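# Observations on chain architecture
Below are the chains, spelled out letter by letter.
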Number of protein chains: 8
Amino acid sequence: MDESIIDFQRRNRVGVIEAIWGEHKSIEQISKILGKYQLASETALVTRLTKEKGEKLISEFPSAEFHEISGCLTMGRGKEYISSFEEVIILTGGTSDLSVALEAEISLNLHGIKTKLFIDIGVAGLHRLLERLEEIKSSKVVIACAGMEGALPTVLAGLIPQPIIGLPVSVGYGISSGGKTALEGMLASCAPGLVVVNIDNGYGAAMAALRIMSS
Amino acid sequence: MDESIIDFQRRNRVGVIEAIWGEHKSIEQISKILGKYQLASETALVTRLTKEKGEKLISEFPSAEFHEISGCLTMGRGKEYISSFEEVIILTGGTSDLSVALEAEISLNLHGIKTKLFIDIGVAGLHRLLERLEEIKSSKVVIACAGMEGALPTVLAGLIPQPIIGLPVSVGYGISSGGKTALEGMLASCAPGLVVVNIDNGYGAAMAALRIMSS
Amino acid sequence: MDESIIDFQRRNRVGVIEAIWGEHKSIEQISKILGKYQLASETALVTRLTKEKGEKLISEFPSAEFHEISGCLTMGRGKEYISSFEEVIILTGGTSDLSVALEAEISLNLHGIKTKLFIDIGVAGLHRLLERLEEIKSSKVVIACAGMEGALPTVLAGLIPQPIIGLPVSVGYGISSGGKTALEGMLASCAPGLVVVNIDNGYGAAMAALRIMSS
Amino acid sequence: MDESIIDFQRRNRVGVIEAIWGEHKSIEQISKILGKYQLASETALVTRLTKEKGEKLISEFPSAEFHEISGCLTMGRGKEYISSFEEVIILTGGTSDLSVALEAEISLNLHGIKTKLFIDIGVAGLHRLLERLEEIKSSKVVIACAGMEGALPTVLAGLIPQPIIGLPVSVGYGISSGGKTALEGMLASCAPGLVVVNIDNGYGAAMAALRIMSS
Amino acid sequence: MDESIIDFQRRNRVGVIEAIWGEHKSIEQISKILGKYQLASETALVTRLTKEKGEKLISEFPSAEFHEISGCLTMGRGKEYISSFEEVIILTGGTSDLSVALEAEISLNLHGIKTKLFIDIGVAGLHRLLERLEEIKSSKVVIACAGMEGALPTVLAGLIPQPIIGLPVSVGYGISSGGKTALEGMLASCAPGLVVVNIDNGYGAAMAALRIMSS
Amino acid sequence: MDESIIDFQRRNRVGVIEAIWGEHKSIEQISKILGKYQLASETALVTRLTKEKGEKLISEFPSAEFHEISGCLTMGRGKEYISSFEEVIILTGGTSDLSVALEAEISLNLHGIKTKLFIDIGVAGLHRLLERLEEIKSSKVVIACAGMEGALPTVLAGLIPQPIIGLPVSVGYGISSGGKTALEGMLASCAPGLVVVNIDNGYGAAMAALRIMSS
Amino acid sequence: MDESIIDFQRRNRVGVIEAIWGEHKSIEQISKILGKYQLASETALVTRLTKEKGEKLISEFPSAEFHEISGCLTMGRGKEYISSFEEVIILTGGTSDLSVALEAEISLNLHGIKTKLFIDIGVAGLHRLLERLEEIKSSKVVIACAGMEGALPTVLAGLIPQPIIGLPVSVGYGISSGGKTALEGMLASCAPGLVVVNIDNGYGAAMAALRIMSS
Amino acid sequence: MDESIIDFQRRNRVGVIEAIWGEHKSIEQISKILGKYQLASETALVTRLTKEKGEKLISEFPSAEFHEISGCLTMGRGKEYISSFEEVIILTGGTSDLSVALEAEISLNLHGIKTKLFIDIGVAGLHRLLERLEEIKSSKVVIACAGMEGALPTVLAGLIPQPIIGLPVSVGYGISSGGKTALEGMLASCAPGLVVVNIDNGYGAAMAALRIMSS
């Protein structure tokens, strides 16, 4: 049975390279899909791969690249960089949020958007955020990752006028395990104009930034 | 006791007229705040007012205007329209979503952004959405309101490349009462790049659109 | 201790081959039950088996067949096909939903109902759905599988007059992990007359279709 | 502003008279919609009206009829009865479930389907259910309303082979208040082939029965 | 560090052998505790042991007995049987509920209460319940185990006048996974006088029966 | 339409006077039901009546008695007291729990069971509980009402060997509003053999005590 | 029936004037309790009174004082101020949080603790917080009220070394309505050493501050 | 990429050694961070390490110490003990809560605070608590760990005047699994002045005690 029919037209319609979601697919299923991409000379992005899946796939598709921390696999050439300037800034509260932040970064880079990643910007150490405020203000869009209570995008949205995409991360324990507290905290934010995507959805935050950049 | 200190600097810093949230404040509290705005000749926007509160306030502040369906009160001059073109399109699934859609519209108009409102665009009657697709595509940002299962922004995000802000509405009953199903459906969307704000947060969706327009 | 007493009369009373739910039973327990079915020359259907369990069981019961993707085991002859026509159409949004869709298909086939499976029909790529609408309309019952936000059955129910059974799938992450968002989105649907079964309940959706076919 | 555009074509496409949901609409909004129906000589069904709203509307539209217990208003001629036989049987566990059961009944009658209503059929008094089993078995479709723990459809589905639509009712208190326990109990049912609609969705259950009758 | 101080007086005060909960304790911790019991010649009951833990412990304490299906370990003599008659009847809906039912049975037997276990009594096959009703009625207390929608105790409570303890079981999937639907269904029961214990709490249900037997 | 058929046989079968649940019924519906009870000379118990409903009903049925604090109405003679001794002790943590405690008391008295009510026994003032421990120990069954964190039954179950029925009360605010925290705290209790009924279910707790008394 | 027995010894034992919780008590019940306090010449604090209840009670007890915004009633002399210095600082994010902040302030003042209240200190306007940081640092304990996403205590805990009590407020809408998001955000805080009380529990936060002041 | 920038100034600002949260970090990531601490001669505390991670890290950092039961690693000298007296008492209900209690103890010891740990103090065996009450009263701060229903801090707060920090533990099953019932029970407590931290947050409870000790 041929389980997948690829819709290459959608990327023309909506302008995005649709990610292949690797988590609930077997290596065989992903391999079949990648084969079709290769045949069509299309750029592919697979997300949420374990190290084991990723390594098996790059042994099968030598032109592909596996990004271990983010669990992403890319195959084929990304788009040309539109600008030499880092238009999207991605902020994370710590090394635990890194994989999600990198999924966003890889997704944007593949679509020709340069990015800058600031690690260890969290609300518990406010001065680090304040020190970098001018640099952050120079960007066009900000993606703010946060787990735990997810307060970073709220604090940020009171300080800068840019579009800010809150990206909740499933880092936490007890009441905050799974990232739901971070998500709800961002939605409930008292700061006006903050928008939010699903927990751990680095690719989604990137595509939202792309839509904004293109508008 | 003087209960409120207005932070007029924030609108310079972040560029937005911060809404006064009317729901949990007494008429006396709102009246005191509006008095300070009047004194400072600042434009004010109060949201989530009952008809009773709204009417009492405009009898006290004759220069204010009360928008009954949306529960919004505006006082003072809004910003000049930046463009003669309706850059933000607001879609609703039915008359029940209207108050939230109008809160978004009034908030944008006050900030100098022209808007267009399409009523009765819902996924159960797909052809009406398809008929207006070209017009929707001409906008810069789309705000898609939906209660119930909240599928409208998902369907839309597969059809157009613009930034789409999903605005869940607390219309529903049983499992969907309070708007949480619509919110979660939008967050869970399989369409890439959709962003979401809190349930019924028309003002927040508008301010997000404003941030995007200004970026 | 003899732990299970098989109720073969129920299939006469209600007309269904009751599935043996394999997930919370040990291989020993399932094996004992299958032994009784074999003795009584009754057709058996076991669902939710891991590959390991499935393979051990077919080595014990050589007449049984194990369907790996769906985790189903069938033993004995199914009913004769009632019609040469595919009366039930099963739609899935992607390869990740396949195992649940196949559980529904195997269950229906075993009861003498022919089925047709459409893969990669999702709301994010609306045109694929619209292209197949006429074929879908020719069926008697539609089973629409969906994970994530679960919007497919809603969109479908606005387009066709047939009975549509929404089958939510536990594919998702963050807010949609476990399939609850898909389930609630289907229940909250603004499209009239959509019915829903439990998450991942392919067998249940099939039995609902069977009841409808027989009514 | 003309807030509503009626989609009379949908009833041709899907074959149902779409209900006007009265709960979150003002009398003025409903009145405008009904006016358009009257003009087009179309049959209208409004659900979830309070007594006050219902009475004001029939004073405005004398040809309309208000059904107080169910909160439904009908205007215009329903379809001709297709059959002289009561093809759909509606069961309720008690007088508290009556309004939801009647919403289903009125909706079906309007579409030309005869119904029979059995009151006070609950699982706590099993013998009453067993006494009427033969009569229930003679129907084509059964709609089983239940609040509290919602066990009635489960018990029924083990006894009869027909399509059974579980209709959870928001009657209950403590853990069962709002009907969520009844809904989840029906979804979790161990009886194969039971389908479920949203809490209190009498109209939706009726439309599901209609789809089944027409298939 | 001596991590545990055993309170042997409590069993005099309240009359129960307090179970040692094995799930969140290491083998070393349980072993230390059992050592103290052995020294004091006290009867011990450990619950929720994996096969691996259980087997290691009986190799260390040869006088102990490990009951694999229920995950219980008993050491030392139980109380003399108070009566030659099976005063407590335990009902289960299927082999998947067996481990919890056996935890209840072992706990009661250890306290000198004879029990009878009926397997495969579920609401989907009502006739099996009705066939055994007279025998069930002869008991003093009934413990009714159920997963999924948990309707068995409700149906039973409408048929017999004895104390019935609802014991929800964490068997299920989707909406019913973890046993919460069964628990809530029992609490919401429309049948008067049903009492409930925590999910999978076979020991707790047994101790409740013991309290009733002793009152 | 005659909406209710009274099942007087159930009280013979199960031995309880089934309460008429007044909350979701109109005065007209309750009045019709009470009329049938009067005709059959049967004792009636209506629960969850507002003051307004209760007073209208006793003006219609002068032989009935309305108990304002508990919202209960009784009509007809209760059973003879079985014993001159107060066999069931009902404990409450404060005046806010009183209505639920009284519903339990009235229900038991009507069935011929004497009760004793201890007010203001809560865990925050442990000494009051300890002072009355001997008297509490002399009872056959204890019903322990508690809102907030619901710790009273847990503490009690460690001190006395009798059957204890935990009765959670919907008194609380914030996290404990609606009584769910009290309910879950009782179910999660570390004290063995505690059983629980639904929130505010005074009648249910009484019927559980009755079943125990009769066993 | 005398429904309440006052435990005046507890205030000696634990050192606090226990609040009488007014929300779920009738005026008659509160009046009886206050009468006993008056007789014993004890200071009383009643919380969560509506304006109507409060005014009726002060007309009955002229020595009592009703604080309308906070819904508190005090009767009798509070303790002497321990210090002339405002040892506890209470911060609120806006006028909507005021009633809860004032409940905390009144409770502390009554126990002889001076307080200072800072209004309109929220994370969306960070500079106002930073401007007052030195003054806040001079206190012994800080109570930080916040609704919405509840980020204020988190930001604060990264800036000052004092004990900080997070007091979530039931101000919000959509996902944050009822204050649960604020509560969970505070519990999930990435800032070390933040403690939390129940939503709207101004009295509880005050008593926690009192315990700290006395330790 | 250098993923972490250590903020050693924060410990001066707020006075705490910030824990490195080991759960969502790889050994490589933790190792890099510890290297920087070693270089800066700063004391480090890593929490939530598996045995495997802990052992690998001490083989790399021989000066570090791994505390297996608590999953904590400490490196470098802690602060001098401020007092020879055990100022903080930590209570646990059983050996299953031990790891969380030890995380609190190690964290306090590292900051120069002596502690005393009482094991097996639970509400089901009240006399053990009462026997040690005098000793508990002699402390400055009490940390009360509890899983299941979490009643221990509530009972304690009615008996002693000190600050009590409720520390919910993720020990439980069914309704109490994950520790949420314990957390909510503590928040809902009827005892005034109890404060709470996140589930399993031993380090957080310790830092709260430290803030109190320093105030």
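Before going into details, it helps to say that this report is about the structure given with it. (Residues numbered from 1 in each chain as written. Chains lettered and ligands numbered in written order. Predicted model: local features only at pLDDT ≥ 70, side-chain atom pairs only at ≥ 80, totals over all residues. Heavy atoms only, no water.)

## Quick word on the relation of the copies chain E and chain F
Copy one and copy two of the chain differ by a rotation about an axis and a translation along that axis. Rule in force here: Alignment of the copies relies on least squares applied to C-alpha atoms, considering only residues that score at least 70 for pLDDT in both. It only takes one pair of heavy atoms within 4.5 Å for two residues to be counted as in contact.
After a rotation of 180° and a shift along the axis of 0.0 Å, chain E superposes on chain F with an RMSD of 0.0 Å. What we have between these two chains is a two-fold relation. When the interface residues of chain E are mapped onto chain F, 100% of them again fall at the interface, so both copies present the same face.

## Here's the deal with the packing of aromatic side chains
The geometry of an aromatic ring pair is captured by the separation of the ring centres together with the interplanar angle, meaning the angle of the planes. Under the convention used in this document: Each Phe, Tyr or Trp ring, with Trp reduced to its six-membered ring, pairs with another whose centre is within 6.5 Å; inter-plane angles below 30 degrees give stacked pairs, above 60 give edge-to-face pairs, and intermediate values give tilted ones. Secondary structure elements are defined from DSSP: runs of H or I of at least 4 residues count as helices, runs of E of at least 2 residues count as strands, and each element is numbered from the N terminus. Accessible area is worked out with a 1.4 Å probe on protein chains only. A residue is then buried under 20% of its type maximum, exposed over 50%, and partly exposed in between. Cation placement over rings: the criterion is NZ of Lys or CZ of Arg within 6 Å of the ring centroid and within 35° of the ring normal.
Under the counting rule described, the total for this entry stands at eight aromatic pairs over all chains. A ring pair is formed by Trp21(E) and Tyr173(H), whose centres lie 5.6 Å apart and whose planes are at 50°; its orientation type is tilted. Within this pair, whereas Trp21(E) is found in strand E1 (residues 20–21), its partner Tyr173(H) is found in the loop between strand E8 (164–168) and helix H8 (180–187), the two belonging to separate chains. With respect to burial, Trp21(E) and Tyr173(H) carry one shared label: buried. Positioned above the aromatic ring of Phe118(F), the side-chain terminus of Arg132(F) is 4.9 Å from the ring centre.

## Remarks on the pairing of strand E7 (residues 141–146) of chain E
Residues and elements named next belong to chain E. Basically, it comes down to this: When DSSP finds two or more bridges between a pair of strands, those strands are recorded as paired.
With six of its six residues buried, E7 lies for the most part within the structure. Residues Val141, Ile143 and Cys145 line one face of E7 and the alternating positions Val142, Ala144 and Ala146 line the opposite face, and both faces are buried. With four bridges joining them, strand E5 (residues 88–91) and E7 adopt parallel strand pairing. Its bridge partner lying in E7, Leu91 is registered against Ala144. Two elements, E7 and strand E8 (residues 164–168), share five bridges in a ladder whose sense is parallel. Residue pairing for E8: Ala144 is matched across the bridge by Gly166.

## Here we look at the environment of Ala101(H)
Residues and elements named next belong to chain H. Considering the arrangement of structural elements, one finds Ala101 in helix H4 (residues 98–110). For Ala101, a relative accessible area of 0% translates into the label buried. Put simply, Ala101 and Gln38 are 63 residues apart on the chain and 27 Å apart in space, counted from C-alpha to C-alpha.

## Some words on the sheet that holds strand E4 (residues 72–75) of chain C
All names here are of chain C. Here is the rule we go by: The axes used here are C-alpha line fits, helices contributing only the stretch in contact, and every angle between their N-to-C directions lies in the interval 0 to 180 degrees.
Spatially, four strands are ordered E1-E2-E4-E3 in an open sheet, and the strand pairing comes out mixed. Strand pairing shows two members of the sheet lacking a second neighbour, strand E1 (20–21) and strand E3 (65–67), which therefore form its edges. The sheet strands contacting helix H4 (residues 98–110) are strand E2 (44–47), E3 and E4, and the helix crosses E2 at an angle near 170°.

## With respect to the sheet that holds strand E3 (residues 64–67) of chain G
All names here are of chain G. The strand order across the open sheet built from four strands is E1-E2-E4-E3, with neighbouring strands paired in mixed fashion. Each end of this open sheet is capped by a strand with a single partner; those strands are strand E1 (20–21) and E3. Of the strand pairs in this sheet, E1 and strand E2 (residues 44–47) are connected by two bridges, and their pairing is parallel. Pairing of Trp21 across the sheet is with Thr47, part of E2. Across the sheet, helix H4 (residues 98–110) touches E2, E3 and strand E4 (72–75), and the angle it forms with E2 is around 170°.

## Concerning the packing of helix H8 (residues 180–187) of chain F against H8(H)
Note the threshold: By the definition adopted for this analysis, an angle is roughly parallel if under 35 degrees, roughly antiparallel if over 145, roughly perpendicular if from 65 to 115, and oblique otherwise. Note: crossing handedness is left-handed where the near helix turns anticlockwise from the far helix by less than a right angle, and right-handed where it turns clockwise.
It is the contact of H8(F) with H8(H), at a shortest axis distance of 9 Å, that shows an interaxial angle of 130°. The angle between H8(F) and H8(H) places the two elements in the oblique class. The handedness of the crossing between H8(F) and H8(H) is left-handed. Here Thr181(F), Glu184(F) and Gly185(F) of H8(F) come into contact with H8(H), specifically with Thr181(H), Glu184(H) and Gly185(H).

## Examining the interface of chain B and chain A
Heads up, the rule is: Summed over both partners, buried area is the accessible surface (1.4 Å probe) that two parts give up on being assembled. The salt bridge criterion pairs a side-chain nitrogen of Lys or Arg with a carboxyl oxygen of Asp or Glu, the two atoms within 4 Å. Polar contacts, as counted here, are pairs of nitrogen or oxygen atoms within 3.5 Å of one another; within protein the pair requires one atom able to donate a hydrogen and one able to accept it, and residues that are adjacent in sequence qualify only if both atoms are side-chain atoms.
Between chain B and chain A, the contact holds 31 residues from the first and 30 residues from the second. Regarding the contact of chain B and chain A, the summed buried area is about 2600 Å², with carbon and sulfur atoms giving 60% of it. Of all residues in chain B, the largest losses of buried area upon contact with chain A belong to Leu187(B), Pro192(B) and Arg211(B), amounting jointly to 27% of the total for that side. Joining chain B to chain A, the criterion identifies zero salt bridges. Our count for the contact surface shared by chain B and chain A stands at nine residue pairs in polar contact (both at pLDDT 80 or more). Residue assignment for the side of chain B that touches chain A shows that the elements contributing at least two residues are helix H1 (9–14), helix H8 (180–187), strand E9 (195–196) and helix H9 (202–214) of chain B.

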